[in-house]
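So the chains spell out like this:
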Amino acid sequence: MFLDEFHSTDADRVCITAEQASRFAREIAGDFNPIHDPCARRFCVPGDLLFALVLSRYGLSQRMTFHFCGMVGDSVSLGFVEDADGTVEVVDQAGKRYLSVRREGWTIRDPATVETFTRRYVAFSGRNFPHYLKPLLEEKGVMFNPQRPLVIYDSMGFSLEDHDPCDLDLTFAGATLGVSGKRGEAHLEFEMYCHGKAVGIGSKKLVISGLQPYDAEKMDDFVTSFVKLQSTSPCSA
C-alpha cells in the first residue's frame, strides 16, 4: 500500500511522525503549507493523510462526510473506532477526537480503486492555496494575516453514483467564500468523472480566521515566499 511509508502501526494503533507527515504533504498532496513542516511551532499532520488512512482501512463508501475536530501532532498514537452505525472516529489514547467520519450506502474495497480515488482527491485538496483561495480572498477584499496564516481544514464530503469510479478524473467545479467579521468559510466544489461519465460530486470546507483588509502587495509577497517553499526542504526556508 502506498501509505505504508507515511505511518507505522503497533497492534491496532497508528503513529505518524512529523517527517512522515511532511513527506506525505509534499510528495503526495503537493501541499507546502509550513504548518506541515517538522520544525513548525504548531506542526500538525495533514488532514488528507488521516482521510487517506480511513479510506485504506474502511474502503470507499457511496456517501462519506469527514469532520476534522483537532490537529494531530508529532507521533501521536491514534486509534480508529467504528460504532454500530458505521461512523468512524480517530482518537488518541486519552480519547480526544481528531476526525469523525460518517458513511452511507455501498462500499468499494478494491485496493486499486481506493488508491486511485485517494490520490486524485488529495492532489486536488493540496492545491488550496494559492490556486483556489487567492482569487476568492481578492474578490471579497480580505486576506489572512500573512505573519500568521490560519486556514483550517474543517470538513469534506462526497457522493458517488457509480460502483466503479475506475480511472477517476477529479475536477474543480467552483468555489465560494462567506465572510463574517474576521472569519471566513470557503467551500471548494469538485466533480468526478470516469471515462467522461459523471460519477459523483463533493465539497471541501475551509475556515479562515484573522481576516484583514486585502493588501495586494502583502499577498503577492506571501505567494512568492509560499511558492519558494516548493523548491526547498522542510525547515530550510
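Residues numbered from 1 in each chain as written. Predicted model: local features only at pLDDT ≥ 70, side-chain atom pairs only at ≥ 80, totals over all residues. Heavy atoms only, no water.

Some thoughts on the pairing of strand S8 (residues 150-160)
Consecutive side chains of a regular strand alternate in pointing toward one face of the sheet and then the other. Relative to S8, strand S3 (residues 60-68) runs antiparallel, the two being bridged by five bridges. Within the sheet, the bridge partner assigned to Met 64 lies in S8 and is Phe 158. Across ten bridges, the pairing between S8 and strand S11 (residues 197-209) is antiparallel. Residue Ser 155 lies in a different strand from S11, and its bridge partner there is Lys 205. (Pairing = 2+ DSSP bridges. Helix = DSSP H or I, 4+ residues; strand = E, 2+ residues; numbered from the N terminus.)

Quick word on the pattern of salt bridges
Scanning the entire structure with this criterion turns up eleven salt bridges. Shared partners join several salt bridges into a network, and the residues in it are Asp 154, Arg 183, Glu 185 and Lys 205. (Salt bridge = Lys/Arg side-chain N within 4 Å of Asp/Glu carboxyl O.)

Structural notes on the environment of Ala 21
The residue Ala 21 is located in helix H1 (residues 18-28) in this model. Here the alpha-carbon distance between Ala 21 and Ser 159, two residues 138 residues apart in the chain, equals 27 Å. Excluding anything up to four places from it in sequence, Ala 21 contacts Ile 16, Phe 43, Val 45, Pro 46 and Leu 49. (Contact = heavy atoms within 4.5 Å.)

A few points about helix H2 (residues 47-58)
For H2, spanning twelve residues, the distance from its first C-alpha to its last is 17 Å, which sits close to the expected 16 Å at 1.5 Å a residue. Counting buried residues along H2, ten of its twelve residues qualify, which places the element largely inside the surrounding structure. Three or more residues of H2 are buried, namely Gly 47, Asp 48, Leu 49, Leu 50, Phe 51, Ala 52, Leu 53, Val 54, Leu 55 and Tyr 58. Residue Gly 59 follows H2 closely and has a positive phi angle near 85 degrees. (Expected span 1.5 Å × (residues − 1). Buried < 20%, exposed > 50% of the residue type's maximum accessible area, 1.4 Å probe, protein only.)

What about the packing of H2 against helix H3 (residues 111-125)?
Relative to each other, H2 and H3 sit at 165 degrees, their axes nearing to 10 Å. In terms of orientation, H2 lies roughly antiparallel with respect to H3. For the pair H2 and H3, the crossing hand works out as right-handed. Between H2 and H3, the contacting residues are Asp 48, Phe 51, Ala 52, Leu 55 and Ser 56 on the first element and Val 114, Phe 117, Thr 118, Tyr 121, Val 122 and Ser 125 on the second. Its residues assigned to classes, the contact of H2 with H3 shows seven nonpolar, three polar and one charged. (Axes fitted to C-alpha atoms, helices over the stretch in contact; angles between N-to-C directions. Parallel < 35°, antiparallel > 145°, perpendicular 65-115°, else oblique. Left-handed = near helix turned anticlockwise from the far one by under 90°. Nonpolar A, V, L, I, M, F, W, Y, C, P; charged D, E, K, R; others polar.)

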